[in-house]
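Observations on the model geometry
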Amino acid sequence: MNLKYLILLCTVFLTFLHADNEKVDCLILEDENSIICKYTHARIAEEKNIVVQWIEPDGSITRTRNMVIPPHHASIYDYRYTQGRTKGLWTFKVIDGQDEYTTNFTIK
């Protein structure tokens, strides 16, 4: 189990290594039953409060989380399990002040 977790973390790190200054992206790891989403922004000296939302294919918001990005950090992650989720096109949305960033992914 520890090896799988290490591989998962390495995959996430390498997948998001090329991130732009402000970006959201999600990765579905079918063999791990997981969806991992990341928001990246420019590093700043203060902590930053953001809101993340998971939006189902029918448009309903199934999870909203208020999250804090610590000072001098550039990203934050959120994840969910795929099992039991509605099939179809999902949206991961980040609200950062007045700005909103979204990405879509499909659960098959």
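As for the overall build of the protein chain
Across its full length, the protein chain holds one helix and seven strands. Considering the protein chain as a whole, with its 108 residues, one finds that 36% of them fall into the buried category. Long-range contacts, defined here as pairs at least 24 residues apart, represent 49% of the contacts in the protein chain between residues at least 6 apart. Here the protein chain displays about 6,800 Å² of accessible surface, and carbon together with sulfur accounts for 52% of that area.

Observations concerning the sheet that holds strand 5 (residues 75-81)
If you trace the three strands from one edge of the open sheet to the other, you get 1-2-5, paired in antiparallel fashion. Looking at the sheet topology across the chains shown, the edges are occupied by strand 1 (23-29) and strand 5. For this sheet, the mean inter-axis angle between neighbouring strands, taken without regard to orientation, is 15°. Both strand 2 (residues 34-40) and strand 5 contribute to a ladder of seven bridges, which runs antiparallel. Directly across from Ile36, in strand 5, lies its bridge partner Tyr79.

Some words on the sheet that holds strand 6 (residues 88-96)
Taking strand neighbours across the sheet as the criterion, the four strands line up as 4-3-6-7 in an open arrangement whose pairing is antiparallel. Edge positions in the open sheet fall to strand 4 (61-69) and strand 7 (99-107), since each of these has one partner strand only. Between one strand and the next, the sheet's axes are offset by a mean angle of 20°, whatever the strand orientation.

Some points on the side chain of Asp96
With respect to the secondary-structure elements, Asp96 resides in strand 6. A distance of 2.5 Å separates the side chain of Asp96 from the side chain of Tyr39, its partner in a polar contact. Ignoring any residue separated from it by four or fewer positions in sequence, one finds Asp96 in contact with Tyr39, Lys48, Asn49, Ile50 and Tyr101.

Some words on unusual backbone geometry
The phi dihedral of Asn33 falls on the positive side, at around 60°, and the residue is not glycine. Assignment of secondary structure puts Asn33 in the loop between strand 1 and strand 2. Phi at His72 takes a positive value of approximately 70°, unusual for a residue other than glycine. Tracing the chain through its elements places His72 in the loop between strand 4 and strand 5.

Thoughts on the state of the cysteines
Think of a disulfide as a covalent bridge from one cysteine sulfur atom to another cysteine sulfur atom. The full count for this structure, using the stated rule, is one disulfide. Linked covalently through their sulfurs, Cys26 and Cys37 form a disulfide whose S-S length is 2.0 Å. Disulfide Cys26-Cys37: torsion about the S-S bond near 110°, hence right-handed. Of this pair, Cys26 sits in strand 1 while Cys37 sits in strand 2, placing them eleven residues apart in sequence. When sorted by exposure, Cys26 lands in the same class as Cys37, which is buried.

Calculation notes
Residues numbered from 1 in each chain as written. Predicted model: local features only at pLDDT ≥ 70, side-chain atom pairs only at ≥ 80, totals over all residues. Heavy atoms only, no water. Helix = DSSP H or I, 4+ residues; strand = E, 2+ residues; numbered from the N terminus. Buried < 20%, exposed > 50% of the residue type's maximum accessible area, 1.4 Å probe, protein only. Contact = heavy atoms within 4.5 Å. Areas by Shrake-Rupley, 256 points an atom, 1.4 Å probe, with all protein chains shown as cover. Pairing = 2+ DSSP bridges. Axes fitted to C-alpha atoms, helices over the stretch in contact; angles between N-to-C directions. Polar contact = N/O pair within 3.5 Å; in protein donor to acceptor, adjacent residues only side chain to side chain. Disulfide = S-S within 2.5 Å.

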